[in-house]
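# Coordinate analysis (summary)
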Amino acid sequence: MKKTSTRLADGRELIYYDQRDDTVRDAVDHRPLDATATTSEIRRDPLLGDAVAVASHRQGRTYHPPADQCPLCPTREGRLSEIPDSSYDVVVFENRFPSLAGDSGRCEVVCFTSDHDASFADLTEEQTRLVLDAWTDRTLELSHLPSVEQVFCFENRGEEIGVTLGHPHGQIYAYPFTTPRTALMLRSLATHKEATGGENLFDAVLARELAGERVVLEGEHWVAFVPYAAHWPYEIHLYPKRRVPDLLGLDEAARSEFPKVYLELLRRFDRIFDERTGGERTVGENSAGGNPTGGPATPYIAAWHQAPFGALDEFDGVTRDDFALHLELFTIRRTSGKLKFLAGSESGMSVFINDVPPERAAERLREVASQ
């Protein structure tokens, strides 16, 4: 992997990640951009303890541009974009409309490929490995910023999820605090550790799932399963079998196997509702993004959970090494043509109601395996 850092016209950082070591990146951003101005502010809910980012400048962000005006495509034939060069493998750059900025953290965009009509599932194993290396490098670099306590790499796909740019891309949020969801995991870790005399809760969960009926896919170094108390209709948790706190901790064997495992999971997601694989997909149904099976794409969120880099003193004896890196992949579609909306119980009280039994979801995800 070759890494080349440059600056856009408004001063934001842009980084090329290339497969070839001899790639030269010297294109200049010629757009007449003013310096980026942000109004990001972190406020704390006094009752829940949650942090809320207030970012009014995001109201003006780019919203569903036509394909020939996509800001994430390479610059070509006089059409200037966020990427000055005429092609790229993987690109990461500071978000022009960040939710977090300055002392409130940092937001970055990760472009997985220059192909506007592709999806992550269309990538080769080599391209997927490059994305993994980029995620890892950004986790390392962002963790060194004094304002950052946690790094979150994720992808939203599909207009149903709320994606406003159709180009295959993800984001990285570098938070100045430990996120509420991670704090809940850490508290559960601490409680379980004390109650069992030192047993790791992640290890216990993984052992139980490996012995059960909800395993979807298992490799030598990774295992994917539908969790016992899945929140979403189709939800997969992907764990390395050797517990590590973050992407930096993965060894070469796990890194090498990841692309094959992850691409297979994404492709299965696109087959869940496909009539040709026994699903209930309605002919003509569509959503943003491609589908390597030939049908419409399943909207999803893919989210990496990593240990915070800040102090964990409030979590009673829990260390970073107690945390287990894992990826959560889920869709808000519950059946053909129907989405799972967060209604009163979920949005008002954070009590999820799942219409699809996790055992049936795991069975379905095994049924649509690649031949």
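Residues numbered from 1 in each chain as written. Predicted model: local features only at pLDDT ≥ 70, side-chain atom pairs only at ≥ 80, totals over all residues. Heavy atoms only, no water.

### Structural notes on the environment of Lys-340
Stated precisely, the cut-off is as follows: Numbering goes from the N terminus for both helices and strands, where a helix is a DSSP run of H or I of at least four residues and a strand is a run of E of at least two. Two residues qualify as a contact provided that any one of their heavy atoms is within 4.5 Å of a heavy atom in the partner residue. Polar contacts, as used here, are pairs of N or O atoms within 3.5 Å; protein pairs need one atom able to donate a hydrogen and one able to accept it. Residues neighboring in sequence count only if both atoms are side-chain atoms.
Looking at the element boundaries, Lys-340 is found in the loop between β15 (338-339) and α5 (344-349). Spatially, the C-alpha atom of Lys-340 lies 41 Å from that of Lys-2, the residues being 338 residues apart in sequence. Contacts of Lys-340, omitting those with residues within four sequence positions, involve Trp-232, Pro-233, Ile-332, Arg-334, Glu-346 and Ile-353. At a separation of 2.5 Å, a polar atom in the side chain of Lys-340 contacts the main-chain carbonyl oxygen of Ile-353.

### Observations regarding the pairing of strand β2 (residues 13-18)
Selection criterion: In this scheme, a residue with accessible area under 20% of its type's maximum is buried, one over 50% is exposed, and one in between is partly exposed, where area comes from a 1.4 Å probe on protein chains only. Here a strand pair is declared whenever DSSP counts at least two bridges between the two strands.
Most of β2 sits inside the fold, with six of its six residues counted as buried. Sheet topology places strand β1 (residues 2-7) next to β2; six bridges connect them, and they run antiparallel. Bridging from a neighbouring strand, Ser-5 pairs with Ile-15 of β2. Bridge count for β2 against strand β5 (residues 90-94) is four bridges, and the pairing is antiparallel. Bridge pairing in β5 places Leu-14 opposite Phe-93.

### Details of the side chain of Asp-133
Considering the arrangement of structural elements, one finds Asp-133 in helix α1 (residues 125-143). Non-local contacts of Asp-133, meaning those with residues more than four positions away in its chain, are made with Met-1 and Arg-255.

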